[in-house]
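# Chains, contacts and geometry: an overview
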Amino acid sequence: MTPLLDVRDLETRFFTRAGTVHAVNGISFSVNEGETVGMVGESGSGKSVTALSLLRLIPSPPGRITKGEILFGGRDLRNVDLGAMRAIRGHEIAMVFQDPMSAFNPILTIERQLTEGMRVHLGMSAQQARKRALDLLDMVGIAHPEAQLCSYPHQLSGGMRQRVMIAMALSCSPKLLIADEPTTALDVTIQAQIVDLIQRLKRELGMAILWITHDLGVTAALADRLLVMYAGQIVEEGPLRPLYADPRHPYTIGLLQSIPRLDRGRQDKLNPIEGAPPDLVTYPVGCPFTPRCPFAIPQCHTEDPPLMEVGMGQAAACWVRPHGGELLRPQSIQTVEIPSQGS
Amino acid sequence: MAEIVASTRSAIPQEPPRRYSPMAEFWQRFSQNVLAVLGLLIIIAFLFVGLFAPWLAPYSHTDQDLANTEASPSLAHPLGTDRVGRDQFSRLIWGARTALIVAPTSVIIGLTLGLLLGSAAGYFGGWVDTIIMRISDVLFAFPGLLFAMLIASTLQPRIESWLLSIEAAKPFVRSGYAEFFVVIAALSLVGWPGIARIIRGQILTLREQPFIEAAQAVGVPSWRILTHHLLPNALTPIIVSLSMGMGGAILAESTLSFYGIGIQPPTASWGAMIINNFQFWRTPSAPWMVWAPGLTVGVLVFAFNFVGDGLNEALNPRRS
Ligand SMILES: Nc1ncnc2c1ncn2[C@@H]1O[C@H](COP(=O)(O)OP(=O)(O)O)[C@@H](O)[C@H]1O
Ligand SMILES: [Mg+2]
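These figures come from a predicted structure and were not determined experimentally.

## Digging into the site of ligand 1
Residue and element names in this part refer to chain A. Taken together, 15 residues are adjacent to ligand 1, and Gly44, Gly46, Lys47, Ser48 and Val49 come closest. The contact in question runs from an oxygen atom of ligand 1 to an N or O atom on the side chain of Lys47, over 2.9 Å. Within the contact set of ligand 1, an oxygen atom lies 2.9 Å away from a backbone nitrogen or oxygen of Val49. Within the complex, the protein chains bury 67% of what would otherwise be the 560 Å² of accessible surface of ligand 1.

Given below as structure tokens:
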């Protein structure tokens, strides 16, 4: 089966006055139909730039996709003309943004914004679109949809806005939904509700999802497969359970150790990874994680490791590839819950 | 994670939320500003007088009472008469009509030009932006009034002689309305660069807003983003500058007429009334003939500015 989305060697750069920002550095991944792929990484690791590259929404200047292919439904999106790209945006690939406040036009009603995609892509009349909007709002769990349609974004709570944005993204039944940290700006309890909502919609509608987050804990509930991003590269990828059980890149191990967990209690301190990600302007030689890596060997300083197969569908870009499962065990990795599908 | 994965459909029974319309909220804030409300009342009175001048004025603005020239105020002529016996009170009222023709038209034409050129410059950028903004810089560098005077004084005779050469246009020229064109054209040309700059600036900032990116991600075409998302967000400064611009245009029309290159007698214009009656200034018996039109212009300009301020505050509650 050919994947729905097949990204090959994607490279996106920003040519700024301060220098060239190496935001995305030759990443390759695919998303199959109906599959949920999680993309995790600290902030600044190039997740949003990847997402925007897929829709060709990189602000230009200063940004540009400098290399690679974005194969979607057999076409390379880098080569389609702007009109065709516009017809894909919101219709075949839809996006949910991180901040549900600023992603809404403050002076337009929810109805105007929720129905816009349907009017543009599906040629619906105002009445038809309104009717479907009501159904969509009901589907994403919003009470009193009629009243909400005539409200303005600032009159809704953050969680409600995010539900509306999800409804908006689903309005044209996209094949692929890109959710760029849709829960980051929300309270913890609301986060869980949104994760849960996406989970349900995924079951009911069956679209593919690229689920972007900086939090391995929330991702876990949703993804079939994970991509771990660091400094604009995919440093590890693999199916959810094996990757959790035996992470093989020191960065993934570090991320797993820094998940806040209910079973640890509040006073138990987390283990955030020491140090900061590299400067993407003066991109380092060798593995970009070296300065923060407890396992670094001389080779790491000179040679950037490619992704290397470490197990069934799992690969890590590391010369050392320590067994993370063993390293995590003393800190009771057994208690990291990986919810089973549909819990 | 299991315990937080609970209900998805929010089944909590709630009252449907009450929503105040933005218009009601706006009016509530606007009406708290006493000066703005006062200004609005003055403007409404001005509109009323301008619209119904022929029925409100006791005499026509061209009627000459030759037996009663340079008369002092009396019951028959509340503001007296001028050198050729025209009732000053009636001319003041007819002057409102002149202002009401010139100011809104020139402001709206200037606004349309500014809107088109400013949004083109801001949205397309590149050489479109460069060309439009350089032209606007040049126009901006002149004192606006001087430029309007230049246009009015050079164009007026030409346009009139051209119109007179067309048989059908002759009655129109004789009616005295042809000169309105020149004044309106001059004021519109002076007015657009300011608006264009405001719009361009607005578009440039708004373009960077996440909701524009979100609209692009929905696949909304560029022109629709411009008309449905960008311009409506720039509406506040447009409305405010519209109000301020009206005051400015009234003043500018009066000034052009004061210098004799605007609206020509016998058509009534406040600026022309001031200059024509200026000599009375020296005869202490008749200062009102200068005061009355001068005061009217002043009060109106203030009224439009107060309303502009009030609009700005009421439309931008977060800013104040
Ligand atoms: N418009 C831009 N101009 C310059 N640099 C940018 C721009 N957008 C993103 N970047 C840079 O690209 C890198 C990746 O950013 P991003 O993809 O937003 O990270 P995240 O993983 O948090 O989503 C960051 O270093 C960021 O500074
Ligand atoms: Mg991001």
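## Some words on the environment of Ala129(A)
Of note, Ala129(A) is situated in helix H4 (residues 126-139). Sequence separation of Ala129(A) and Gly26(A) is 103 residues, and the distance between their C-alpha atoms is 40 Å.

## A look at the confidence of the model for chain B
Low-confidence regions, as indicated by low pLDDT, have predicted coordinates that should not be scrutinised in detail. All names here are of chain B. The share of residues in chain B with pLDDT of 70 or more is 90%, and the mean pLDDT across the chain is 83. Note that residues 1-12 has pLDDT below 50 and, in this model, 23 contacts with residues that lie over four places away or in other chains. Here the predicted complex carries an ipTM of 0.83, next to a pTM of 0.77.

## Structural notes on helix H7 (residues 188-205) of chain A
Since one α-helical turn is 3.6 residues long, residues separated by three or four positions face the same way. Residues and elements named next belong to chain A. Under the 1.5 Å per step criterion, the end-to-end length of H7 is 25 Å for 18 residues, consistent within 8% with the ideal 26 Å. All buried positions along H7 are accounted for by Gln191, Ala192, Ile194, Val195, Asp196, Leu197, Ile198, Gln199, Arg200, Leu201 and Lys202. Buried residues belonging to H7 abut strand S3 (36-40), H4, helix H6 (158-170), strand S7 (176-180), strand S8 (208-213) and helix H8 (216-220). Gly206 lies just past H7 and shows a positive phi near 70 degrees.

## Looking at helix H10 (residues 250-257) of chain A
Residue and element names in this part refer to chain A. Most of H10 is tucked away: eight of the eight residues are buried. Those residues of H10 that fall on the buried side of the exposure criterion are Pro250, Tyr251, Thr252, Ile253, Gly254, Leu255, Leu256 and Gln257. Each element contacted by the buried residues of H10 is listed here: H8, strand S9 (225-230), strand S10 (233-239), helix H9 (240-245) and helix H12 (324-328).

## Here we look at the nonpolar core
Residues and elements named next belong to chain A. If you look at the biggest cluster of nonpolar residues, it comprises 95 residues, and the most contacted ones within it are Leu5, Phe29, Ile166, Leu176, Leu177 and Ile178. The element best represented in this core is H6, accounting for seven residues. Excluding residues within four positions of it along the chain, Ile166 makes contact with Val96, Val140, Ile194, Leu197, Ile198 and Leu201.

## Side note on the sheet that holds S7(A)
Hydrogen bonds along the backbone pair up the strands of a sheet, which may run parallel or antiparallel. Residues and elements named next belong to chain A. On the basis of which strands lie adjacent, the open sheet formed by eight strands has the order S6-S7-S8-S3-S9-S10-S12-S11 and mixed pairing. Two strands close off the open sheet at either side, each with one partner strand: strand S6 (93-96) and strand S11 (308-311). Sheet twist, expressed as the average angle between the axes of neighbouring strands with direction ignored, equals 20 degrees. Both S6 and S7 contribute to a ladder of four bridges, which runs parallel. Within S7, the residue paired with Ala94 across the bridge is Leu177. Each of S3, S7 and S8 touches H7; the most contacted strand, S8, lies at about 165 degrees to it.

## Looking at the sheet that holds strand S4 (residues 63-72) of chain A
Residues and elements named next belong to chain A. Ordered by their spatial adjacency, four strands build an open sheet running S2-S1-S4-S5, and the pairing between neighbours is antiparallel. Strands at the two margins of the open sheet, each flanked by one partner only, are strand S2 (19-31) and strand S5 (75-76). Bridging between strand S1 (residues 5-16) and S4 involves eight bridges; their strand directions are antiparallel. The partner of Leu5 across the bridge, within S4, is Phe72. Helix H1 (residues 47-54) rests against S1, S2 and S4 of the sheet, and its axis sits at about 110 degrees to S1.

## Digging into the packing of aromatic side chains
Following the criterion strictly, the structure yields 12 aromatic pairs over all chains and no others. Members of the aromatic cluster, connected to one another through ring pairs, are Tyr230(A), Tyr251(A) and Phe289(A). Its end group placed over the ring of Phe140(B), Arg197(B) keeps NZ or CZ at 4.0 Å from the ring centre.

## Comments concerning the pattern of salt bridges
Note that side chains of opposite charge can pair when their charged atoms are close. Residue and element names in this part refer to chain A. Tallied over the entire structure, the rule returns 17 salt bridges over all chains. Among the ionic pairs, Glu11 bridges to Arg13, the shortest N-O distance being 3.2 Å. Pair check on accessibility: Glu11 and Arg13 agree, each one buried. Residue Lys175 is joined to Glu92 by a salt bridge in which the shortest nitrogen-to-oxygen separation is 3.2 Å. Within this pair, whereas Lys175 is found in the loop between H6 and S7, its partner Glu92 is found in the loop between helix H2 (82-88) and S6, the two being separated by 83 residues in sequence. Members of the salt-bridge network, linked through shared partners, are Asp9, Glu11, Arg13 and Lys67.

## A closer look at unusual backbone geometry
Most peptide bonds adopt trans geometry, and most residues besides glycine take a negative phi value. One non-glycine residue, His144(A), lies in the positive phi region at around 50 degrees. Even without being glycine, Arg321(A) reaches a positive phi, approximately 50 degrees.

## Description of the confidence of the model for chain A
Residue and element names in this part refer to chain A. The share of residues in chain A with pLDDT of 70 or more is 92%, and the mean pLDDT across the chain is 87. Averaged over each element, pLDDT in chain A is lowest for H12 (73) and highest for H1 (96). Low pLDDT, under 50, characterises residues 264-269; the stretch is placed with four contacts to residues that sit more than four places away or in other chains. This stretch, residues 330-336, has a pLDDT under 50; its non-local contacts, to residues over four places away or in other chains, come to 13 contacts.

## Side note on the side chain of Gln88(B)
Residues and elements named next belong to chain B. Within the secondary structure, Gln88 sits in helix H4 (residues 88-124). By relative accessible area, which is 2% here, Gln88 ends up buried. Setting aside residues no more than four positions away along its own chain, Gln88 makes contact with Leu79, Gly80, Thr81, Asp82, Met273, Asn277 and Met289.

## Digging into a nonpolar patch on the surface
All names here are of chain B. Together, Phe48, Leu51, Phe52, Trp55 and Leu56 make up a nonpolar patch on the protein surface, roughly 570 Å² of accessible area in all. Elements with a contribution of two residues or more to the nonpolar patch: helix H2 (34-51) and helix H3 (53-56). By secondary structure assignment, the location of Trp55 is in helix H3. We classify Trp55 as exposed; its relative accessible area is 68%.

## Brief notes about the packing of helix H11 (residues 235-258) of chain B against helix H13 (residues 288-315) of chain B
Residues and elements named next belong to chain B. Interaxial distance between H11 and H13 falls to 8 Å at its minimum, and their mutual angle equals 175 degrees. One element, H11, and the other, H13, form an angle in the roughly antiparallel class. Two secondary-structure elements touch here, H11 through Thr236, Ile239, Val240, Ser243, Met244, Met246, Gly247, Ile250, Leu251 and Ser254 and H13 through Val297, Leu300, Val301, Phe304, Asn305, Val307, Gly308, Asp309, Leu311, Asn312 and Leu315. When grouped by side-chain class, the residues that make up the contact of H11 with H13 number 13 nonpolar, seven polar and one charged.

The rules behind these values
Residues numbered from 1 in each chain as written. Chains lettered and ligands numbered in written order. Predicted model: local features only at pLDDT ≥ 70, side-chain atom pairs only at ≥ 80, totals over all residues. Heavy atoms only, no water. Near = heavy atom within 4 Å. Polar contact = N/O pair within 3.5 Å; in protein donor to acceptor, adjacent residues only side chain to side chain. Areas by Shrake-Rupley, 256 points an atom, 1.4 Å probe, with all protein chains shown as cover. Helix = DSSP H or I, 4+ residues; strand = E, 2+ residues; numbered from the N terminus. pLDDT = per-residue confidence, 0-100. Contact = heavy atoms within 4.5 Å. Expected span 1.5 Å × (residues − 1). Buried < 20%, exposed > 50% of the residue type's maximum accessible area, 1.4 Å probe, protein only. Core = buried A, V, L, I, M, F, W, Y, C linked by side-chain atoms within 4.5 Å. Pairing = 2+ DSSP bridges. Axes fitted to C-alpha atoms, helices over the stretch in contact; angles between N-to-C directions. Phe/Tyr/Trp six-rings, centres within 6.5 Å; stacked < 30°, edge-to-face > 60°. Lys NZ or Arg CZ within 6 Å of the ring centre and 35° of its normal. Salt bridge = Lys/Arg side-chain N within 4 Å of Asp/Glu carboxyl O. Patch = residues over 30% accessible without salt bridge, like charges linked within 9 Å, V, L, I, M, F, W, Y side chains within 5 Å. Parallel < 35°, antiparallel > 145°, perpendicular 65-115°, else oblique. Nonpolar A, V, L, I, M, F, W, Y, C, P; charged D, E, K, R; others polar.

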